[in-house]
Amino acid sequence: MASLAQPPASRAPSRAPARSPALSLPPGPSRSGGERRRNASDASADLGAIQDTQLKSVDLNHVIKLLEDSESKNTEKEQLKTLKKVVKRFENGLPLQDLAQIIEILNLCAEKINEQENFIEPLCELIKICGLPFQKKKFSDEVNYSVAVSKSIAQLGYLMRVPSSQVRIQICKCIVSFYNTKQPRKLLSGYQPTSANYKIQMAELGGLAETLVLSLALVENQLTEKLWVLKALQHLSSSGVNCRLMMKAQAASRICLYLNGVDPSGQLVFRSSEILWNLLESTSKEEVVNQLSSLECVHALKDAFVELLMHGFRHCDRQLRNDLLVIATLLAENPGAPMIESGFTKLLIVLATFTEVKIPNPLIKGLKLTYCYEDFELKKLLFNLIGVLSKDPCAVQLLNENDVMPALLCYIKPNQKPGFHEWSAAQYEELQLFAIAILASVAPILVNKYLSCQGNTLLLVFLEWCIGQDPFFGQSNSFHGTRGRGNKLAQMRYSLRVLRAVVSLYDDAVNLNLCDQGAIGQLLDILKYAADKSKEKEDAILLEIQADIFFILSVLCENDLHRKELFSYEGVDILIPFIQMDPKKLHSGLGHNSLLFSALDCLWSCVIGCYVAEDHFLEKHGIFLLLDLLASKQKNLYNIILGILVEFCDNPKTTSHINTWRGEEDQTAAHLLIELWRQEELDLGIKRDQHGRIVDMKKPIASRFQKQQEVISVPANRPSFAIVEISENIRAKLYSLLHKLGFRNLPGLSAKDFVTLAIIQHYIDFKVGEVWSELCAEIKEEFRPVPSNEKALETIAEISEDTGRMVAALQTEVLESQHYQEIQEEEKAYMKIKAIHKQREMVNKSWQNFLTRTSNYEALKKAKRLQEKAIEGTRCRSKAQNRTAHSTDIKGLNTTIGPGRLVTVESTPHQLTGRALAELGQSQNLLYYKRARFPEAVSSFQYHLPSSAMA
């Protein structure tokens, strides 16, 4: 805030306080005549040399001794004269090495003021000089003298004890000058000024801010001095270090009490609120709020706010009013603040509904709000306060009595005209969206009022307008209007949030009221509309809208068969594409993860339990889609998908769908489930051997954490760790699903899968053993069982261990069977390889024989004889009548093999009967058989038949 005459600037993390032109304070003491006569043009080199000589002649130790001496009668005059000389010598700044002595001189002067007022003027002059930049000879002087300088500046704060208005004001002016440093007109010879922020850092190091806050108690009844102290604190509070020091002195509560002080200039409330803002921004907000949570502070804040509200007509007054309302909102968030007891809460609630509910209220009688920007900001701040109060159970009654619900519901209507109540179209849209957003917080706590005001009806009509074709061009110029420019998505988004909030109560009256008005069908239409919009361009707000609709439908249809039937066909058709979502989108950051969870939750609540909807989902291959999603290895989806599949298995048609499914590399559902079990055991740290067999017979399925858990005795109505562990992993769901599928005849399982399946099949037995083990440990921890009970416990433990051994033996049997099968398959493979090698040897031998016949004539003749002998051996021994014998030799043949496999029949006798022809056919068949077995023997044979036979 630059000044009271200007509006407060926006709240930034740090603000540099400025002077206020409206503040009229008495001038400080006038300078000596020598200073008034001094002019920049007279500062010559000779004068500087003289000044340096005089400066060296000043003995500050002598001045201190002189001030300490009070016996001589002429001491006072001499002391004053000496002080004027000191002021004269250091009028352009104090050297760092002399600062400690100057501060000692200041303290001595302060002690004399109580009896001798003549020391006020030199004291003020010296304090004024302290506001000038210090002088240093070396760059290292700032560090070397830092401790002494910080202590010296801290002494300025302690000088506030001096009972002199002039001195106190001068101290404040000196502190303010730290932040408005002006270079001296002339520097000391051999010196240079310290850095601009040096004094500010030394003030922080010396704790000046804390001392100045404590000095407020000294100036409570002096307005001018109080304003100057606040001005100095305003400058100091621009630093986080100073703010923390001020908080140690209870600055927030001290300054808040000045908000309602009498001050015609208005500077008191301006500077106090500015300091409070700086404290809130630079320190712990909770600590500041705790200091402001006293009844006195709340009353002061309330009175200041009402004064500015009713009588503040200037631009800066309205800004201050809004600033105080923000501080009041922070107080309302603190349950320990007496906002309700002070009546401040009721006043603010009435003010929030002032323009919507036309009910006269004496609290704001005569109030008239304009439609300027500050009043628009006031309206939004009041809406925000309603949202804060909705979280306070103590404020619920006040919200109900002061018609907050009707005031908010009046915004649930289509935007049919450009403005409303003189607000511009953009302002009205922003207020509308803000009101609907706040309604989502208020409606659940005022549900009866919500129903009596027909809240569901208004929202459903408003949502119908949102997906309608009526032209509307959203401005989207606010936080709540994000992505709503040129469309109605923002209105739809926040309206659905309200419905989500009210149905989350699981109140039968609310849900019945919605369903009776056709909410299920309307929500499906909105879902289809949003899904079509998402196809054009996926947007986080569209995904949020769809997720909210799925949640609302889940709540409405859960445990109600009739509503599930209303959802069934159309709902399943809309639901299927969401389950087909690409798993890669789950990590996009837009909200696909939440949308998929909501869709699966809707499937569980709206489809399962209704056979019509289940059968339609199965017809759409929904089980295949769920298994595809399960195979995508998204761990955060395992629980919900397995739960859905377990519930679906109550439908007898589901099992065949699960067994039919095939994944990548022809993976079956049973193999996928068993693989998930192994991965879950690996994550839980359960020990298995290299083949997957049980290692620990006593606790075969206990996780690493479960084994490390100490024996803790729990009440009988609380589940033990072994029972709680069931809900913390997916093994119980995997067991239930495989149990419903049947542990036998599961397709596509390997021996490794059967080894794991043996453990899964006895999951319940092992879990019972874990519970008994915990029970035994608890009993032995606190009691000593009698022999009979001890024997029973030992027997139970042995049964559990025997089960582990039995499963381990079964696993070993499976592995041995697999090993035997592998050996058999290996032998078959070996025999096949052996046959292939033997065939190759025969082919090689045949080829060698062929080569021998072509190169050795004797071998060829021997082969010929064998061929003829083989042919002769195939002839019939008894000669049939009327049969013509043909020679098998080809005359003139000079090759070692026949030229081809062609058989030519030249002629057949005319007297050949049908029977002879049949016999001839048999002979031909026999010849073909011989050719197949003895190709070399028959290759040159030609069968000749007469042409008449062919006829």
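Values in this document were obtained by computation on a predicted structure and should not be read as measured data. (Residues numbered from 1 in each chain as written. Predicted model: local features only at pLDDT ≥ 70, side-chain atom pairs only at ≥ 80, totals over all residues. Heavy atoms only, no water.)

Some thoughts on the overall build of the protein
Thinking step 1. Scanning the protein from terminus to terminus reveals 46 helices and two strands.
Thinking step 2. For the protein, the residues scored as buried account for 47% of the 951 residues in total.
Thinking step 3. Across the protein, every contact between residues at least 6 apart in sequence was considered, and the portion connecting residues at least 24 apart equals 78%.
Thinking step 4. As displayed, the protein has an accessible area near 48,600 Å², and 52% of this comes from carbon and sulfur atoms. (Helix = DSSP H or I, 4+ residues; strand = E, 2+ residues; numbered from the N terminus. Buried < 20%, exposed > 50% of the residue type's maximum accessible area, 1.4 Å probe, protein only. Contact = heavy atoms within 4.5 Å. Areas by Shrake-Rupley, 256 points an atom, 1.4 Å probe, with all protein chains shown as cover.)

Some remarks on the environment of Tyr371
Thinking step 1. Within the secondary structure, Tyr371 sits in the loop between helix H19 (344-352) and helix H20 (373-389).
Thinking step 2. Assessed through its relative accessible area of 37%, Tyr371 is described here as partly exposed.

Structural notes on the nonpolar core
Soluble, globular proteins show a tendency: their nonpolar side chains are buried together.
Thinking step 1. Within the largest apolar cluster, 248 residues are counted, with the highest numbers of intra-cluster contacts made by Ile105, Leu279, Leu499, Phe617, Leu626 and Leu630.
Thinking step 2. The element best represented in this core is helix H29 (residues 540-557), accounting for 13 residues.
Thinking step 3. Non-local contacts of Ile105, meaning those with residues more than four positions away in its chain, are made with Leu60, Val63, Ile64, Leu67, Leu83 and Leu126. (Core = buried A, V, L, I, M, F, W, Y, C linked by side-chain atoms within 4.5 Å.)

Quick look at a negative patch on the surface
Thinking step 1. A surface patch of like charges, here negative, comprises Glu822, Glu825, Glu826 and Glu827.
Thinking step 2. For Glu826, the location among the structural elements is in helix H42 (residues 787-855).
Thinking step 3. Residue classification places Glu826 among the exposed residues on the basis of a relative accessible area of 56%. (Patch = residues over 30% accessible without salt bridge, like charges linked within 9 Å, V, L, I, M, F, W, Y side chains within 5 Å. Salt bridge = Lys/Arg side-chain N within 4 Å of Asp/Glu carboxyl O. Lys, Arg positive; Asp, Glu negative; His and termini not counted. Charge placed at Lys NZ, Arg CZ, Asp CG, Glu CD.)

Some words on the confidence of the model for the protein
Thinking step 1. Averaged over all residues, the pLDDT of the protein is 81; the fraction at 70 or higher stands at 83%.
Thinking step 2. Within the protein, the lowest mean pLDDT, 34, falls on helix H1 (residues 33-37), and the highest, 94, falls on helix H24 (residues 447-452).
Thinking step 3. Confidence over residues 1-56 falls short of pLDDT 50; this stretch has 105 contacts with residues more than four positions distant or in other chains.
Thinking step 4. Of the regions scoring below 50 in pLDDT, residues 920-951 engages in 66 contacts with residues more than four places distant in sequence or in other chains. (pLDDT = per-residue confidence, 0-100.)

Considering the side chain of Lys564
Thinking step 1. Structurally, Lys564 can be placed in helix H30 (residues 561-579).
Thinking step 2. Here Lys564 occupies a buried position and makes no salt bridge, while the nearest side chain of opposite charge, Glu614, is found at 7.3 Å.
Thinking step 3. A polar atom in the side chain of Lys564 sits 3.4 Å from the backbone oxygen of Ser605.
Thinking step 4. Among all residues touching Lys564, those that are not within four sequence positions of it are Cys557, Asn559, Ser605, Cys606, Ile608, Gly609 and Cys610. (Polar contact = N/O pair within 3.5 Å; in protein donor to acceptor, adjacent residues only side chain to side chain.)

Examining the packing of aromatic side chains
Thinking step 1. Here the structure, examined in full by the defined rule, presents twelve aromatic pairs.
Thinking step 2. Taken together, a centroid distance of 5.9 Å and an interplanar angle of 90 degrees make the contact between Phe383 and Tyr411 edge-to-face. Here Phe383, found in helix H20, pairs with Tyr411, found in the loop between helix H22 (404-409) and helix H23 (425-442); they are 28 residues apart in sequence, far enough to count as distant. For the pair shown, Phe383 and Tyr411 are each scored as buried.
Thinking step 3. Measuring from centroid to centroid gives 4.9 Å for Phe550 and Phe578, while their planes differ by 90 degrees, and the two rings are edge-to-face. (Phe/Tyr/Trp six-rings, centres within 6.5 Å; stacked < 30°, edge-to-face > 60°.)

A short note on the pattern of salt bridges
Thinking step 1. Applying the stated rule across the entire model yields 30 salt bridges.
Thinking step 2. Between Glu225 and Arg168 there is a salt bridge; the shortest N-O distance is 3.2 Å. You can see Glu225 sitting in helix H12 (residues 223-236) and its partner Arg168 sitting in helix H9 (residues 165-177), a full 57 residues away along the chain.
Thinking step 3. Here Glu225 falls in the buried class, since its relative accessible area comes to 6%.
Thinking step 4. Notably, a salt bridge pairs Glu858 with Lys861, separated by 3.5 Å at the nearest N-O pair. Within this pair, Glu858 and its partner Lys861 are both found in helix H43 (residues 857-873), separated by three residues, close to a single helical turn.

Considerations on helix H8 (residues 146-158)
Thinking step 1. The first and last C-alpha atoms of H8 sit 19 Å apart over 13 residues, in line with the 18 Å expected at 1.5 Å per residue.
Thinking step 2. When H8 is considered as a whole, its buried residues turn out to be Ser146, Val149, Ser150, Ser152, Ile153, Ala154, Leu156 and Gly157.
Thinking step 3. Residues of H8 that are buried make contact with helix H5 (99-113), helix H7 (141-144), H9, helix H10 (198-206) and helix H11 (208-214). (Expected span 1.5 Å × (residues − 1).)

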